[in-house]
Structures are given as structure tokens and as C-alpha cells.
Amino acid sequence: MIYMFQVISGLDPILIYTVDIFHSTGTGLNEYMSTIIIGGMQIMAGIVAVLIVEKTGRRFLLMLSEGAMVLALSSFGLYFYLKSQNGGTQPAGMDWLPLLSLTTYVVSYSVGLGPVGYLIMGELLPLRIKGFAGSALTSIKWLMSFVVTMLFQLIIESWGDAVCYWLFASFCLTGFVAILFLVPETKGKSLVEIQQIFNLQEESCILQAKESSPLENKSRNSYQSI
């Protein structure tokens, strides 16, 4: 699940087309220098993630990452919307917004969803299937990434830049909600403790299913009447 949200957050196509994206903003900023700035910030964010992940917890960083990405992509889409409403020219006084939005987006991914996503998946997978499952999930992730990258330009050409980035923002918002309700905190827990969490959840679901079964309830009522 986390791998899926890594892909549909849109990072891969955005990094691949960073120079073209900055050129399309029409801000006059040097697109190559802007790309270098984003790359440098990405490296720094990865270092920060290593230093704080054991203090803040995995789940917190994932949610913080997704939430910040929602805001960054929404503001980037807003810039392109205002640009289209302004006849295709840059909105006055907003030349700073594209660089700030993309930098925030990449830094947010690099401090949370990117590195922590790989870390937590390694912690959640049982030992007996970790090798195979890890390879299979990584292969599926990069296949999905290829598809999203291929669709990126098609979405922009069909629906416009604003809709494309708002679509990615909606995926990040969905990821935030999914992590909030479905992803457990694994900080400070051993693999055995993590598996116990899932076993208890599985047993609870099975018990609820049995209790809600009409046949089971009927048999129980018949027994009680006897």
C-alpha cells in the first residue's frame, strides 16, 4: 500500500520533467538552477530523515509527509490555474510560488514517504516471505511508476497542468487518510511484536465475522432454547 502511494504521489514524473515544468511556469527563473536547488534539498531532506526517524516515529513522518505534499501540490496547481485565468501569463507577484511549492513537495517526500516507506515495509513483512515479497513489491512499484510517468504528459495535455497537480494532491490526501487508519507505529517494536499486532487484528476480524454470521447466530439461539 505504501509503495502504491509513493508512486501515485507523482514524484517520479515530476523529477524527470523538472526542467520542463519550471519552463512551463513562465516565471523567468532559470529552470536548470531551480532543478539543482531541488536536487540539493532532496539530499539534505534524506539526511534529516535518517536523523529524526527514530525520535519522531514512522507513522508521524509518513502523515507529515503526505500532508505537506497535499499543500505543496495544491498550491502548485493553483498557480497554473491562475496562470490559465490570466491568459497564459504569470500571475503578478507569484514568481516565487512554483519553486517554493516544488521544493516543499520534494523535501516532504524525501523526509517521509520516500525513505520511511521503504523502512516500514521492511519491518511489516514477515521473515518467511520478506525476500520474495520485497522483490515482487519493488518490481510492481517500478512498473506502476513507468505507467504514471507515461500518463503524466497525457494528463497535462488533456486536462491541463492545474488538474494534473490537483489529481496528485488528491492521491496524497488519500494516502494521508489510509496511513492514519491502517498503518501501525513500528518505532521501538521488534518484528515479533509487529507481527503480533497484525495477528490480533486478524483474529479480531475473524471473531467479528463469526459473530455476525446468520447461521452461527441461528445455531447459538437454537442451542440456548434447548
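Please read all numbers here as calculations on a predicted model, not as lab measurements.

Draft legend 1. Layout of the overall build of the protein chain. In terms of regular secondary structure, the protein chain is built from 10 helices and zero strands. Each helix (α) and strand (β) of the protein chain, taken in turn from the N terminus, gives the series α-α-α-α-α-α-α-α-α-α. With an accessible surface of roughly 12,600 Å², the protein chain has 69% of that area assigned to carbon and sulfur atoms.

Draft legend 2. Just a nonpolar patch on the surface, in detail. There is a patch of nonpolar side chains on the surface, built from Met1, Met4, Leu173, Val177, Leu180, Phe181 and Leu182 and spanning about 660 Å² of accessible area. With five residues, helix α8 (residues 161-182) is the single largest residue contributor to the nonpolar patch.

Draft legend 3. Spotlight on the side chain of Thr25. With respect to the helices and strands, Thr25 occurs in helix α3 (residues 18-25). Excluding residues that lie within four positions of it along the chain, Thr25 makes contacts with Phe76, Tyr79, Phe80, Lys83 and Pro98.

Draft legend 4. Highlighting the packing of α3 against helix α5 (residues 58-85). Put simply, α3 and α5 touch, their axes get as near as 11 Å, and they point 40 degrees apart. Compared by their axis directions, α3 and α5 come out oblique. Facing Ile21, Ser24 and Thr25 of α3, the residues of α5 in contact are Phe76, Tyr79, Phe80 and Lys83. Among the residues making up the contact of α3 with α5, the classes are represented as four nonpolar, two polar and one charged.

Draft legend 5. Quick peek at the packing of aromatic side chains. Inspection of every chain in the model, using the stated rule, returns nine aromatic pairs. Pairing Tyr17 with Phe152 gives two aromatic rings, centres 5.6 Å apart and planes at 20 degrees, and the pair type is stacked. Taken as a pair, Tyr17 in the loop between α2 (11-16) and α3 and Phe152 in helix α7 (residues 130-159) lie far apart in primary sequence, 135 residues in all. Consider the rings of Tyr79 and Phe80, whose centres lie 5.7 Å apart with planes at 85 degrees: the pair is edge-to-face. Put simply, the rings of Tyr17, Phe76, Tyr79, Phe80, Phe152, Tyr165 and Phe168 touch in pairs and so form one group of aromatic residues. Sitting over the face of the ring of Trp142, Lys141 holds its NZ or CZ atom 4.0 Å from the ring centroid.

Draft legend 6. Representation of the packing of α5 against helix α6 (residues 97-124) within the structure. As a packed pair, α5 and α6 sit with axes 8 Å apart at the nearest point and diverge in direction by 150 degrees. Taken together, the axis directions place α5 and α6 in an arrangement best described as roughly antiparallel. Between α5 and α6 lies a crossing whose hand is left-handed. Looking at the contact of α5 with α6 residue by residue, the classes come out as 18 nonpolar, seven polar and three charged.

Draft legend 7. Seen up close, the nonpolar core. Ranked by internal contacts, the top residues of the largest apolar core, which has 43 residues, are Ile14, Tyr105 and Tyr165. For this core, the secondary structure elements donating two or more residues are α1 (2-8), α2, α3, α4 (31-56), α5, α6, α7 and α8. Considering every element that reaches this core, the biggest residue donor is α6, with 11 residues.

Draft legend 8. Expanded view of the environment of Leu167. One can find Leu167 in helix α8. In sequence terms Leu167 and Ile155 are 12 residues apart; their C-alpha atoms lie 9.7 Å from each other.

Draft legend 9. Quick look at α3. When we look at burial in α3, the residues that qualify are Thr18, Ile21, Phe22 and Thr25. Along the long axis of α3, the arc covered by the buried residues comes to 95 degrees, so they all point the same way. At its buried positions, α3 is contacted by α2, α4, α5, α6, α7 and α8. Gly26 occupies a position one or two residues after α3 and carries a positive phi of about 70 degrees.

Each value, and the rule that gives it
Residues numbered from 1 in each chain as written. Predicted model: local features only at pLDDT ≥ 70, side-chain atom pairs only at ≥ 80, totals over all residues. Heavy atoms only, no water. Helix = DSSP H or I, 4+ residues; strand = E, 2+ residues; numbered from the N terminus. Areas by Shrake-Rupley, 256 points an atom, 1.4 Å probe, with all protein chains shown as cover. Patch = residues over 30% accessible without salt bridge, like charges linked within 9 Å, V, L, I, M, F, W, Y side chains within 5 Å. Salt bridge = Lys/Arg side-chain N within 4 Å of Asp/Glu carboxyl O. Contact = heavy atoms within 4.5 Å. Axes fitted to C-alpha atoms, helices over the stretch in contact; angles between N-to-C directions. Parallel < 35°, antiparallel > 145°, perpendicular 65-115°, else oblique. Nonpolar A, V, L, I, M, F, W, Y, C, P; charged D, E, K, R; others polar. Phe/Tyr/Trp six-rings, centres within 6.5 Å; stacked < 30°, edge-to-face > 60°. Lys NZ or Arg CZ within 6 Å of the ring centre and 35° of its normal. Left-handed = near helix turned anticlockwise from the far one by under 90°. Core = buried A, V, L, I, M, F, W, Y, C linked by side-chain atoms within 4.5 Å. Buried < 20%, exposed > 50% of the residue type's maximum accessible area, 1.4 Å probe, protein only. Arc of directions from axis to C-beta.

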